[in-house]
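# Chains, contacts and geometry: an overview
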Amino acid sequence: MSAGYLEATARQRVARFFDAGSVHEWLGPSARVTSPHLAALGMPAAFDDGVATGRATLAGRPVYFAAQEPEFMGGAVGEVHGAKLTGVLLRAARDRPDGVVLLLDTGGVRLHEANAGLVAIAEIQRAVFEARLAGVPVVAVCAGSNGCYGGIGIVARGCDRIVMTEEGRLSVSGPEVIEAHRGVEEFDARDRALVWRTMGGKHRYLLGEADALVEDRFEALREAVVPYLGHARPLDLDSVRAEHEALGRRLARFGEAPDSLDIWSALGVADPARVPMLEPGPFVEMAAPLRERADA
Amino acid sequence: MDRIWNRGERDRAARMARARAAGLGRIVEASRIGELLAAVLVPGDRICIEGNNQKHADFLAASLAKLDPAVIHDLHVVQSNLALPAHLDLFERGIAKRLDFCYSGDQGVRMARLVKEGRIEIGAIHTYLELYSRYFVDLTPRVAFVAAHSADREGNLYTGPNTEDTPAVVEGTAFKSGIVVAQVNELVDRVPRVDVPADWVSFVVKAPKPHYIEPIFTRDPANITEIQVLMAMMVVKGIYAPYEVARLNHGIGFDTAAIELILPTYAESLGLKGRICRYMTVNPCPTLIPAIESGWVEGIHCAGSELGMEAYTAARPDVFFNGPDGSMRSNRVFCQLAGHYADLFIGSTLQVDPEGNSSTATANRIAGFGGAPNFGSDSRGRRHVSKPWLMAGREAARPGGGTMPRGRKLVVQMVETYREKMQPTFVEKLDAWKLMDEFGLDLPPVMVYGDDVTHLVTEEGIAHLHRCATVAEREQAVRGVAGYTPVGLARDRAAVEGLRDRGIVQRPADLGIDPRLATRDLLAARSIKDLVRWSGGLYDPPKRFRNW
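To start, this report covers the structure provided alongside it. (Residues numbered from 1 in each chain as written. Chains lettered and ligands numbered in written order. Predicted model: local features only at pLDDT ≥ 70, side-chain atom pairs only at ≥ 80, totals over all residues. Heavy atoms only, no water.)

The next subject is helix H9 (residues 254-269) of chain B. Residues and elements named next belong to chain B. Helix length check: H9, at 16 residues, gives a terminal C-alpha distance of 22 Å against a target of 22 Å (1.5 Å per residue), a fit within 8%. At Leu263, H9 shows its largest bend, some 70°, and a proline, Pro264, comes one to four positions later. Buried residues dominate H9, accounting for 12 of its 16 residues. Restricting attention to buried positions, one finds in H9 the residues Asp255, Thr256, Ala257, Ala258, Ile259, Glu260, Leu261, Ile262, Leu263, Pro264, Tyr266 and Ala267. Those residues of H9 that are buried lie in contact with helix H8 (226-243), strand E12 (247-250), helix H10 (289-293), strand E15 (344-347), strand E18 (410-414) and helix H19 (528-534). Two residues or fewer after H9 comes Gly271, characterised by a positive phi angle close to 70°. (Helix = DSSP H or I, 4+ residues; strand = E, 2+ residues; numbered from the N terminus. Expected span 1.5 Å × (residues − 1). Bend = angle between axes of the 7 residues up to and from the residue. Buried < 20%, exposed > 50% of the residue type's maximum accessible area, 1.4 Å probe, protein only. Contact = heavy atoms within 4.5 Å.)

Next up, the structure:
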């Protein structure tokens, strides 16, 4: 087992993120609820379909959780996997724990399950709103090695809060997809510095999409999530309108910017080229007063 | 009749006169490269297009490939690396015919096709030292095309950290009345240091784009597996510690990167600091940074450089070989020699047979050798002694008998029993035999011979091959660490247990190593960014290796 969150498996993450001994899993591997689609294609299945779900406590407070397994099909969402995520959220809407923590690590929908996976994303999205309407805060942690892409990238932005590390990525289309559709001139997927400054945690924090940016350590991630428990953000017409206005302002302000570096510069970052090398502490200190806040 | 003793000089003078007649001076515009080539080349010339492990005279190679084969043909190419498509275009288009080289890497499949089609006649496949040596014997280039970082108006060249093969190529050519054409990234008033003096250089061309350099020695610690950590622990505790290996050459794979990254952690906990890994002959691999920073590695001589390591090496002149200008100078010849006379070589390979022979040759592909055969062989001309050399010499079985005490170089091959795509590393017969038949070679292309290998390390354990008294015993030692491959399953269990009792086969447990403790937490750096942190921000990794 390795020290950081980035390299850990889903169950290592669950064991070390939540209070020791508090984890109780629902539909764990021994239940063997596996993907019917992968079986039909003769592909290897996972006994948990690549996601661990259950309840635990965090700093003594009851929470429900889901943790995507990075090593199984890149954390991709299939029918069973998606249903487990939906189930956790709907159960939270019913039972009202102090929060739902989603440890997301995924490239999006599992292509092998096509429509079933897409339907699952829609159900998860709706379940997030059910939980939020019931007053349960949903916190997404995007700090895994696969990033948080595709439909789950959209789901994450529908949550109350997003916590990231600089290694984490959050977007809808992944780098390779953009390059394949728009050409290498539009986006060079092998230029990893470009990938991270476009989709990585620091950029998401500067754009006001990530609420917290911390080091790749369990303790740091826990400390970032705990204050959000029990504090759901409003989900009503006013809040949606405010979000739309903020996005409109953002588009007007940065829509023509060719690169994240230009956005950072426009935000007032003194030396944008140095941002990638800044450690999370000094970065947040520098960025917190400058960053775009969609909800401001 | 007086014999003529300067035919070469007269020939050079004639070629230079043709260039002058075309109005070309020492500094040639890139747009006139075709005229220059036409002036200085004649059919049948022996040429070298500097193609190193990293640095390539790519503009000159592309320009040569555009020549008219009706005018220039039957060239004989003598160069270490054929890495660029243009190098093979020369043969495909009928400009060049004969080839003497060392390594072809990514072009190996296409080269194999061109050989089969009769477009390439291969003279020989060499190791680096062999080919450089032959520049001074029977393969001296008539015209050499080299790459440098910058030149001044006189033609003095600065080759910088990636000096690599340039000195060998230029010296062989310039001192045998040959012509040296250099492509440079920039023309400057004053070069930072003179790596090649102007009077050895005939022509300088500023290339439209800086020469191509490949970052081939960067290993991202994020991709090191726990099996590699386990093998690294075995090497440190089972080989480096008992022999006290202070002077060595590391290969450039993830296996050896894992060793470098557990020096400040695991090796430190064994109290080995100052006793092992003090002097290395290796490229400036970024994974060495933690060991350098924590005082393990005191000196490194480099065959080439590595992209992103320029500022770091410049800031550590006590460790690297830097010029008065402050930047590092690599030199592949000297590094190969230094590694040949070091106490230990360790590297990886693709296939190992039951005799311990290893090869990276695969079917339908002519990849060549590079430097491993020289590093990975007992240096029988060595006379100075050291503890590991004497100890290995004492231990070594002497199947041929004899009473004269001898020393012995440690040659370690480090492999997992299965490589990617579940291909077994251990095979009953190397693919090199097939390649020999297919291309009519005189010998199978073997990288390291079994009788040169002292230690074979896998995740199953260490086989001390030099202590095996017979070929049969060596075979069981190889099979004994070959795990669940067919070669491993065919072992004689009793014989292997017998070897284990004698310490010739050692399992991790025999070394006091608990495989459960072999975790990535032992790596002093687990990501490229960790390496940047260790370097105090001096290491500037290429963009493709970043995740921030």
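This paragraph deals with the sheet that holds strand E6 (residues 161-165) of chain A. Residues and elements named next belong to chain A. Pairing within the open sheet is mixed, and its 7 strands lie in the order E1-E2-E3-E4-E5-E6-E7. Edge positions in the sheet fall to strand E1 (24-26) and strand E7 (212-214), since each of these pairs with one other strand and no more. Across the sheet, the mean angle separating the axes of adjacent strands is 25° when strand polarity is ignored. In this sheet, E6 lies alongside strand E5 (residues 138-142) in parallel orientation, the contact comprising 4 bridges. Bridge assignment links Cys142 to a residue of E6, and that residue is Met164. (Pairing = 2+ DSSP bridges. Axes fitted to C-alpha atoms, helices over the stretch in contact; angles between N-to-C directions.)

On to the interface of chain A and chain B, then. Contact residues are listed per partner, giving 17 residues for chain A and 15 residues for chain B. It is Glu7, Arg192 and Met277 of chain A in chain A that bury the most area against chain B; as a group they hold 33% of the surface buried on that side. Across the chain A-chain B interface, the total number found is 6 salt bridges. In this structure, Asp191 of chain A and Lys543 of chain B form a salt bridge, with 3.4 Å as the shortest nitrogen-oxygen distance. There are 9 residue pairs in polar contact (both at pLDDT 80 or more) connecting chain A and chain B. Ranked by the residues each element gives to the side of chain A that touches chain B, the list is headed by helix H7 (residues 192-199) of chain A, at 3 residues. Split into classes, the residues belonging to the side of chain A that touches chain B amount to 8 nonpolar, 1 polar and 8 charged. (Buried area = accessible area lost by both parts, 1.4 Å probe. Salt bridge = Lys/Arg side-chain N within 4 Å of Asp/Glu carboxyl O. Polar contact = N/O pair within 3.5 Å; in protein donor to acceptor, adjacent residues only side chain to side chain. Nonpolar A, V, L, I, M, F, W, Y, C, P; charged D, E, K, R; others polar.)

This part takes up the packing of helix H6 (residues 128-135) of chain B against helix H12 (residues 332-340) of chain B. Each pair of packed helices can be summarised by the angle the axes make with each other and by the distance between the axes. All names here are of chain B. At a minimum axis distance of 10 Å, the contact between H6 and H12 shows a crossing angle of 130°. The orientation of H6 relative to H12 falls into the category oblique. Here the hand of the crossing between H6 and H12 comes out left-handed. Where H6 approaches H12, its residues Tyr128, Leu129 and Tyr132 are matched on the opposing element by Arg332, Val333, Gln336 and Leu337. A breakdown of the residues in the contact of H6 with H12 according to their chemical character gives 5 nonpolar, 1 polar and 1 charged. (Parallel < 35°, antiparallel > 145°, perpendicular 65-115°, else oblique. Left-handed = near helix turned anticlockwise from the far one by under 90°.)

Residue and element names in this part refer to chain B. Strand E4 (residues 75-81) sits mainly inside the fold: 7 of its 7 residues count as buried. In this structure, strand E2 (residues 46-49) lies alongside E4, joined through 2 bridges in parallel fashion. Bridge pairing links Ile47 to Val77 in E4. In terms of strand pairing, E4 meets strand E5 (residues 96-103) through 6 bridges, oriented parallel. Among the inter-strand pairings, Val77 is bridged to a residue of E5, identified as Leu99. Assessed by its sense of winding, the connection that carries the chain from E4 through helix H4 (residues 85-92) to E5 is right-handed. (Right-handed = clockwise from strand over helix to strand, strands pointing away.)

Let's shift gears to the pairing of strand E21 (residues 455-458) of chain B. Two faces, one strand: in a regular strand the side chains alternate between the faces of the sheet. Residue and element names in this part refer to chain B. A two-sided burial pattern is seen for E21, the buried positions comprising His455 and Val457 on one face and Leu456 and Thr458 on the other. Here E18 runs beside E21; their pairing, made up of 3 bridges, is parallel. The partner of Gln413 across the bridge, within E21, is Leu456. Two elements, E21 and strand E22 (residues 461-464), share 4 bridges in a ladder whose sense is antiparallel. Residue pairing in the sheet places Val457 in a bridge with Ile462 of E22. In this antiparallel pair of consecutive strands, E21 and E22, the connection spans 2 residues.

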